[in-house]
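# Observations on chain architecture
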Amino acid sequence: MILPARCNENARQHLKVMGDLGQIVNLDYSIRDDDAIKYAVERSNVVVNMVGREWETRNFSFEDVHVDFPARLAEICKQVGTVERLIHVSALGAAEDHLSAYYRTKAIGDAAVKAAFPAATIIKPAKLIGTEDRLLNVFAEHACKFPATPLVDDGGSKHRPVFVDDVALAIQAMVQDEATAGKTYELCGEKTYSMEDLVKLVNRVIRAQNPKILYVPSFILKLLGAPHEYLLRRVPFPLPTPTGLTRSYIDAQSRDYLKHPKSLGFEELGIKPAKLDGVVIDYLRAFRFGGYDAGSAAGQPGMD
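Everything numeric in this text was worked out from a predicted model, so none of it was measured.

Counting secondary structure elements, the chain contains ten helices and twelve strands. Taken against the 2.2 N^0.38 rule, which gives 19 Å for 304 residues, the C-alpha radius of gyration of the chain at 20 Å falls within 12% of a compact globule. With the C-alpha coordinates of the chain rotated into their principal frame, the extents come out at 60 × 45 × 45 Å. Buried residues in the chain amount to 45% of all 304 residues. Across the chain, contacts joining residues at least 24 apart in sequence account for 75% of those joining residues at least 6 apart. Accessible surface computed for the chain: about 16000 Å², of which carbon and sulfur atoms make up 53%. Treating the 37 positive side-chain charges of the chain as one cloud and the 39 negative ones as another, the clouds have centres 3 Å apart.

Following this line, the structure appears as structure tokens:
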């Protein structure tokens, strides 16, 4: 397995020992370097693109990451001749008329990939849940740091968050099943939650003291986030991750993100997605008021 990545050695060293000696190879690359991209894919028969960005910076716009790079990757996969399968990870809700630039560029990128590599499989996962997710972890962090957890508008948008391990299993199944080529899959969890439901679930798991929710109109959050976004696109050095305060993130909360009834999903792949509560979100205990071991352990009676 060749794993092209832009992160440093410390961030990826744990991956190398997951295979036998020499089976997993880390590779430095740039999304603007066609030679490096070609070098990464010309020895591969399956290519999985998981490159994405939730906010723009001075160096990389949404168009750079979600449109230009996937299009060139698909073209190179077609040119080298060794790539039999291309699996492109997009996002549930991607649409060219979306309010959010993140979802608009995702949709344009999907179309560009299909145009260059018609047999590409498109995956559209719902919001991902897992140890390092940028959803439940954000709610838990806000509950610990602030008097109230801020939500966009009334927190009523509907979502079906999906466990990241289930998405990984789906990609594995697609690699092994040639019948999935050229198709699009929407991968969602079993249960529908509003954003407000998710905040309340997190508060129960971490046993938040006097949990409160602050409902903030989207236009106010956009005003608060505007200076930070402006600086992200101007300064030549990294700034703190602006999760929750980018215009794209705020716009994304104005719509429901649910699987289309007629779209392909986990069922067609023979996978039953894990339930969100219980062991799957046990990682939130790291935020638990009173300490990690306060209350019941995962899987034990009384677990929230």
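Moving on, we get to helix H6 (residues 164-176). Along its 13 residues, H6 runs 19 Å from first to last C-alpha, staying within 8% of the 18 Å computed at 1.5 Å per residue. Looking at H6, one finds that the buried residues are Asp166, Val167, Ala170, Ile171, Ala173 and Met174. The buried residues of H6 occupy an angular sector of 160° when projected down its axis, which confines them to one face.

This brings us to the environment of Ile2. Mapped onto the secondary structure, Ile2 falls in strand E1 (residues 2-5). For the pair Ile2 and Val47, spaced 45 residues apart in sequence, the C-alpha to C-alpha distance is 9.4 Å.

Helix H3 (residues 62-80) packs onto helix H2 (residues 34-41) with a crossing angle of 50° between their chain directions and a minimal axis gap of 10 Å. It follows that H2 is oblique to H3 by the angle criterion. Note on packing geometry: the crossing formed by H2 with H3 is right-handed. Where H2 abuts H3, its residues Asp34, Ile37, Lys38 and Val41 lie against Phe69, Arg72, Leu73, Ile76 and Val80. Classifying every residue of the contact of H2 with H3 gives six nonpolar, no polar and three charged.

Bridge count for E1 against strand E2 (residues 25-28) is four bridges, and the pairing is parallel. Following the sheet pairing, Pro4 is matched in E2 by Leu27. The β-α-β motif built from E1, the intervening helix H1 (residues 9-16) and the parallel element E2 has right-handed crossover chirality.

Our focus in this paragraph is the side chain of His142. Counting through the fold element by element, His142 comes out in helix H5 (residues 136-145). If we ignore the near neighbours within four places in the chain, the residues touching His142 are Thr149 and Pro150.

Turning to a nonpolar patch on the surface, a few remarks are in order. Among the surface-exposed residues, Phe219, Ile220, Leu223, Leu224 and Leu245 lie close enough to one another that they form a single nonpolar patch of about 480 Å² accessible area. With respect to the element layout, Ile220 can be found in helix H8 (residues 218-232).

Here the focus is the pattern of salt bridges. Here the structure, examined in full by the defined rule, presents twelve salt bridges. Lys272 is the salt-bridge partner of Glu190, the closest N and O atoms lying 2.8 Å from each other. Of the two residues, Glu190 is situated in the loop between strand E10 (184-187) and strand E11 (193-194) and Lys272 in the segment after helix H10 (266-269); the sequence distance between them amounts to 82 residues. Looking at Glu190, the relative accessible area reads 40%, which means it is partly exposed. We classify Lys272 as exposed; its relative accessible area is 66%. In this structure, the salt-bridge partner of Asp251 is Arg247, at a minimum N-O distance of 3.8 Å. Placement of both Asp251 and Arg247 in helix H9 (residues 247-252) is noted, with a separation of four residues, approximately one turn of the helix. A relative accessible area of 7% means that Asp251 is categorised as buried. We classify Arg247 as partly exposed; its relative accessible area is 47%.

A few words on the packing of aromatic side chains. Inspection of the entire model under this criterion finds four aromatic pairs. Ring centres of Tyr29 and Phe69 lie 6.3 Å apart, and the angle between their planes is 45°; on these two criteria the pair is classed as tilted. Of this pair, Tyr29 sits in the loop between E2 and H2 while Phe69 sits in helix H3, and the two are 40 residues apart along the sequence. Across the pair, exposure class does not vary: Tyr29 and Phe69 are buried alike. Ring geometry for Phe62 against Tyr102: centres 6.0 Å apart, planes inclined by 75°, an arrangement best described as edge-to-face. In this pair, Phe62 sits in helix H3 while Tyr102 sits in helix H4 (residues 101-116), placing the two residues 40 residues apart along the sequence. Judged by relative accessible area, which is 3%, Phe62 ranks as buried. Feature note: the residues Phe62, Tyr102, Tyr103 and Tyr257 constitute an aromatic cluster, connected by ring pairs. Here the basic side chain of Arg43 rests over the ring of Tyr39, its NZ or CZ set 4.3 Å away from the ring centre.

Parameters at a glance
Here the residue numbering is sequential within each chain, running from 1 through the sequence in written order. Selection of residues for local features in this predicted model requires a pLDDT of at least 70, selection of side-chain atom pairs for listing and counting requires 80 or more, and totals for whole chains, interfaces and linings are taken over all residues. Values reported for side chains reflect all heavy atoms of the structure, with hydrogen atoms and water molecules removed beforehand. Comment: elements are numbered from the N terminus, with helices defined as DSSP H or I runs of at least four residues and strands as E runs of at least two. For the radius of gyration, the atoms used are the C-alpha atoms, and the globule rule reads 2.2 Å times the number of residues raised to 0.38. When a residue's accessible area, from a 1.4 Å probe over protein chains only, is under 20% of the maximum for its type it is buried; when over 50% it is exposed; and in between it is partly exposed. Only heavy atoms matter for contacts: two residues are in contact if any of them lie within 4.5 Å across the pair. Only the protein chains shown count as cover for residues, and all accessible areas are computed by the Shrake-Rupley method using a 1.4 Å probe. The charge count includes Lys and Arg as positive and Asp and Glu as negative, but it does not include His or the ends of the chains. Charged side chains are reduced to one point each, which is NZ for Lys, CZ for Arg, CG for Asp and CD for Glu. What a helix is expected to span follows from its residue count: subtract one and scale by 1.5 Å. This arc describes the spread of directions from the helix axis toward the C-beta atoms. An axis is simply a line fitted to the C-alpha atoms; with a helix, the fit covers only the stretch in contact. Between two such axes, the angle follows the N-to-C directions and lies from 0 to 180 degrees. Small angles under 35 degrees read as roughly parallel and large ones over 145 as roughly antiparallel, with 65 to 115 read as roughly perpendicular and the rest as oblique. By the definition used in this description, the sense in which the near helix is turned from the far one sets the handedness, with an anticlockwise turn below a right angle giving left-handed and a clockwise turn giving right-handed. Lys, Arg, Asp and Glu make up the charged group, whereas Ala, Val, Leu, Ile, Met, Phe, Trp, Tyr, Cys and Pro make up the nonpolar group; the residues left over, Gly among them, are polar. DSSP calls a pair of strands paired once it identifies at least 2 bridges connecting them. Crossover handedness is defined by viewing with both strands directed away from the observer: a clockwise path from the first strand over the helix to the second marks the crossover as right-handed. Residues with no salt bridge and a relative accessible area higher than 30% make up the patches, which join like charges within 9 Å and nonpolar side chains (Val, Leu, Ile, Met, Phe, Trp, Tyr) within 5 Å. Salt bridges are identified by distance alone: a Lys or Arg side-chain nitrogen within 4 Å of an Asp or Glu carboxyl oxygen. Stacked, tilted and edge-to-face are the three classes applied to pairs of Phe, Tyr and Trp rings, where Trp contributes its six-membered ring and a pair requires centres within 6.5 Å; stacked means planes under 30 degrees apart, edge-to-face means over 60, and tilted covers the rest. For a Lys NZ or an Arg CZ to count as sitting over a ring, it must be within 6 Å of the ring centre and within 35 degrees of the ring normal.

Remember, this is a structural readout, not a statement about activity or role.
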